[in-house]
Amino acid sequence: MTVEEFRDAMAGVGYIPGGSELHRAFHAFSQEALKITAELNGPYHTPSEVRALMAELTASEIDESFTLFPPFHTDCGKNTKIGRRVFINSGCQFQDQGGLTIGDDVLIGPQTIVATLNHDPVPEKRGGMFAKPVVIGDKVWIGARVTICPGVTIGEGAIVGAGAVVTKDVPPRTVVAGVPAKVIKRITAAQ
């Protein structure tokens, strides 16, 4: 399965049966991701080398304004879209098979986890997965050690406080924090 076929299939699917062709494609892309992230997380790389490795990992163009501090982990990489002027701090883990879109001017704190899949709760079908994309809007700031659950959209200009577990959509220009994350204030032009 090509990267484009994989992306197209994931865009139109909600459930992936365990052992299906799509499920097997996950595993093939995972092996490639393990190889690329081992290189990325190994010896020092210049910023341009980091961008080149991320372009290989995501099979997409990475803007020269992108910055990543390794280590970084993903179990696929091929279904992540990264905007301009994005900063990803060290220790982040992205599970992107279900689709991950990161807008422009986004700051992602260290050890952030983004998940786009959930396993089937029925024990006999536990190998199956439900895919739900995550969207991180423009100008979002995500604090350290945040977990973003499948299907969440974080609105433009929002702030997610350190340690939050985001289980539902975050409105634009709000600050959320806690477990589960809740709106704690609105962001106005004059703070």
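Everything below is about the structure shown above.
Residues numbered from 1 in each chain as written. Predicted model: local features only at pLDDT ≥ 70, side-chain atom pairs only at ≥ 80, totals over all residues. Heavy atoms only, no water.

## Brief notes about the packing of aromatic side chains
One pass over the structure, following the stated rule, counts five aromatic pairs. With a centroid separation of 4.9 Å and 85° between ring planes, the pair formed by Phe69 and Phe87 is classed as edge-to-face. With a gap of 18 residues between them, Phe69 in the loop between strand 2 (67-68) and strand 3 (72-74) and Phe87 in strand 5 (residues 87-88) connect regions that are remote in the sequence. Between Phe72 and Phe94, the ring centres sit 5.1 Å apart and the planes meet at 90°, which makes this aromatic pair edge-to-face. Remark: Phe94 occurs in strand 6 (residues 92-95) and Phe72 occurs in strand 3; sequence separation between them is 22 residues. You'll find Phe72 and Phe94 in the same group, each marked buried. One aromatic cluster is present, formed by Phe6, Phe26 and Phe29 through successive ring pairs. (Phe/Tyr/Trp six-rings, centres within 6.5 Å; stacked < 30°, edge-to-face > 60°. Helix = DSSP H or I, 4+ residues; strand = E, 2+ residues; numbered from the N terminus. Buried < 20%, exposed > 50% of the residue type's maximum accessible area, 1.4 Å probe, protein only.)

## A short note on the nonpolar core
Grouped together as the largest cluster of nonpolar side chains are 36 residues, with contacts concentrated most on Met54, Ile136, Ile148 and Ile154. With four residues, the top contributor of residues to this core is helix 3 (residues 47-58). Excluding residues within four positions of it along the chain, Ile154 makes contact with Val135, Ile136, Gly137, Val140, Ile142, Ile148, Val160 and Val170. Among the nonpolar cores identified, the runner-up in size contains 12 residues, and Ile16, Phe29, Cys76 and Leu117 belong to it. (Core = buried A, V, L, I, M, F, W, Y, C linked by side-chain atoms within 4.5 Å. Contact = heavy atoms within 4.5 Å.)

## What to know about the sheet that holds strand 11 (residues 129-131)
For sheets, the rule is that strands pair by backbone hydrogen bonds, running either parallel or antiparallel. With respect to topology, three strands assemble into an open sheet ordered 1-11-10, the strand pairing being antiparallel. Strand pairing shows two members of the sheet lacking a second neighbour, strand 1 (15-16) and strand 10 (117-119), which therefore form its edges. Here two bridges tie strand 1 to strand 11, and the two strands are oriented antiparallel to one another. Among the inter-strand pairings, Ile16 is bridged to a residue of strand 11, identified as Met129. (Pairing = 2+ DSSP bridges.)

Read these as spatial facts, not as claims about activity.
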